[in-house]
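# Coordinates in review
The primary structure of each chain is shown beneath.
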Amino acid sequence: MSKTVFGEKAFDDWYSARYGARWPNLKRALLDPPAQVALFDGLLKAYYLDAGSVEAVSALPLENISTILDMCAAPGGKSLYIASHMPADATLVCNEYSRERKRRLQQVIEDHIPVDIRNRIVITGRDASRWSRYEQCAFDRILLDAPCSSERHVLSSSVHLAQWSPARIKNLAQRQWALLSGAWLVLKPGGSLVYSTCALSYEENDGIIDRLLKKYTDVSVSSQQLSGGKGERLVHGFHVLPDTSGGSGPLYYVLLHKHSPTLDT
């Protein structure tokens, strides 16, 4: 039986095996402060968000729709972007299961969103992985910014780094799959979904999309990147990495479309 290894050496060995000679520079970039941009448009005051996160949420098309779900919304930066760019008659549901994080999300919405837009926002606290048990084919657009390994935060915390093991990735990938496979049932036919993480590993990023494509036949993956995007092209999605994007990220994202059912003639 193999022994589970923990700590910084295990962390370095695991990511070095996947990123090779690139890893030392990437690790140094992860230790630097992230590059942020200020969101101003339509807000009461500026909110600073990682530039990679802005690229990810910008990939979700918001024209000519009425219902949007931000499935794991806290702390709220991506919700602010959606709220300030969605159509004037659209509604946005911002969901966060953690009570503490939900309170933070509520405060961010109250502090930044004008009342007329806030009246079209609903904040909920559901377990997003179970959403499809109660509601299906309900939203035109879904943003799923899934809980993930968040290696940048691990590296900045000696406590979390000492506790790190490869099992962290495996366990989070299981959670991510439960969220995405459920979200797919909640998305309307003809709708679009952005899946994103701030993780580095294939298992949490393209690997989750591989599983979705194997399970569902109504999935298509967009290969189009926004003009000026900094994400590196992977098999399915784009990966914004701080060593090549001026400090943005890490942020993986992919835009998925759900086919409308076809009628037999």
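Residues numbered from 1 in each chain as written. Predicted model: local features only at pLDDT ≥ 70, side-chain atom pairs only at ≥ 80, totals over all residues. Heavy atoms only, no water.

## Here's the deal with the overall build of the protein chain
The secondary structure content of the protein chain amounts to ten helices and eleven strands. The globule rule puts the C-alpha radius of gyration for 265 residues at 18 Å, and the 18 Å found for the protein chain is close to it. Projected onto its principal axes, the C-alpha coordinates of the protein chain cover approximately 50 × 50 × 35 Å. The burial tally for the protein chain puts 53% of its 265 residues in the buried class. Within the protein chain, residue pairs in contact and separated by at least 24 positions form 73% of the contacts whose partners lie at least 6 positions apart. When the accessible surface of the protein chain is totalled, it reaches about 12,900 Å², and 51% of it is carbon and sulfur. Averaging the locations of the 30 positively and 28 negatively charged side chains of the protein chain gives two centres separated by 6 Å. (Helix = DSSP H or I, 4+ residues; strand = E, 2+ residues; numbered from the N terminus. Rg over C-alpha atoms; globule rule 2.2 N^0.38 Å. Buried < 20%, exposed > 50% of the residue type's maximum accessible area, 1.4 Å probe, protein only. Contact = heavy atoms within 4.5 Å. Areas by Shrake-Rupley, 256 points an atom, 1.4 Å probe, with all protein chains shown as cover. Lys, Arg positive; Asp, Glu negative; His and termini not counted. Charge placed at Lys NZ, Arg CZ, Asp CG, Glu CD.)

## Quick word on the pattern of salt bridges
By the definition in use, this model includes eleven salt bridges. One salt-bridge network, held together by shared partners, links Glu8, Asp12 and Lys27. (Salt bridge = Lys/Arg side-chain N within 4 Å of Asp/Glu carboxyl O.)

## Considerations on the environment of cysteine 94
Within the fold, cysteine 94 resides in strand 4 (residues 91-95). Residue classification places cysteine 94 among the buried residues on the basis of a relative accessible area of 0%. C-alpha of cysteine 94 to C-alpha of methionine 71: the two residues are 23 residues apart in sequence and 6.4 Å apart in space. With near-sequence residues (within four places) excluded, cysteine 94 lies in contact with Asp70, Ala73, Ser79, Leu105, Ile121, Val122, Ile123 and Thr124.

## So, the environment of valine 54
Inspection of the secondary structure assignment puts valine 54 in helix 3 (residues 51-58). Distance from valine 54 to leucine 80, taken between C-alpha atoms, is 11 Å for residues 26 residues apart in sequence.

## Focus on the packing of aromatic side chains
For any pair of aromatic rings, the description rests on two quantities: the centre-to-centre distance and the angle between the ring planes. Inspection of the entire model under this criterion finds eleven aromatic pairs. Relative to phenylalanine 139, the ring of tryptophan 131 lies with its centre 6.2 Å away and its plane at 75°, an arrangement referred to as edge-to-face. Since its relative accessible area comes to 6%, phenylalanine 139 is described here as buried. Taken together, Phe11, Trp14, Tyr15, Tyr19, Trp23 and Trp164 form an aromatic cluster joined through their ring pairs. Here the basic side chain of arginine 18 rests over the ring of tryptophan 14, its NZ or CZ set 3.4 Å away from the ring centre. Lying across the ring of phenylalanine 238, arginine 233 places its NZ or CZ 4.8 Å from the centre. (Phe/Tyr/Trp six-rings, centres within 6.5 Å; stacked < 30°, edge-to-face > 60°. Lys NZ or Arg CZ within 6 Å of the ring centre and 35° of its normal.)

## Description of the nonpolar core
Ranked by size, the top nonpolar core spans 35 residues in total, and within it Ile68, Ile82, Leu92, Ile113, Ile121 and Tyr253 carry the most contacts. Listed by contribution, the elements that provide at least two residues to this core are strand 2 (47-50), helix 3, helix 4 (77-85), strand 4, helix 5 (99-112), strand 10 (238-240) and strand 11 (251-258). If you tally residues by element for this core, the top one is helix 4, at four residues. Aside from chain neighbours lying at most four places away, what touches isoleucine 113 is Leu43, Leu44, Leu80, Ala83, Arg118 and Ile121. Leu69, Ala128, Ala183 and Leu256 belong to the second-largest nonpolar core, a separate cluster that totals 29 residues. (Core = buried A, V, L, I, M, F, W, Y, C linked by side-chain atoms within 4.5 Å.)

## Digging into the packing of helix 1 (residues 8-19) against helix 2 (residues 23-31)
It is at 9 Å that the axes of helix 1 and helix 2 come closest, and there the two elements cross at 125°. Taken together, the axes of helix 1 and helix 2 are oblique relative to one another. For the pair formed by helix 1 and helix 2, the contact residues are Glu8, Phe11, Asp12, Tyr15, Ser16 and Tyr19 on the first element and Trp23, Leu26 and Lys27 on the second. (Axes fitted to C-alpha atoms, helices over the stretch in contact; angles between N-to-C directions. Parallel < 35°, antiparallel > 145°, perpendicular 65-115°, else oblique.)

## Here's the deal with helix 1
The end-to-end C-alpha distance of helix 1 is 16 Å, a good match for the 16 Å that twelve residues give at a rise of 1.5 Å each. Regarding helix 1, the residues found buried are Ala10, Phe11, Asp12, Trp14, Tyr15 and Tyr19. Considering only its buried residues, helix 1 is in contact with helix 2, helix 7 (151-155), helix 8 (158-163), helix 9 (166-186) and strand 10. Positive backbone phi, at 60°, marks glycine 20, one or two positions downstream of helix 1. (Expected span 1.5 Å × (residues − 1).)

## Considerations on the pairing of strand 7 (residues 187-197)
Here strand 7 lies mainly inside the structure; eight of its eleven residues are buried. Across six bridges, the pairing between strand 6 (residues 139-145) and strand 7 is parallel. Pairing of leucine 143 across the sheet is with valine 194, part of strand 7. Where strand 7 and strand 11 come together, six bridges link them in antiparallel fashion. Bridge pairing in strand 11 places valine 194 opposite leucine 255. (Pairing = 2+ DSSP bridges.)

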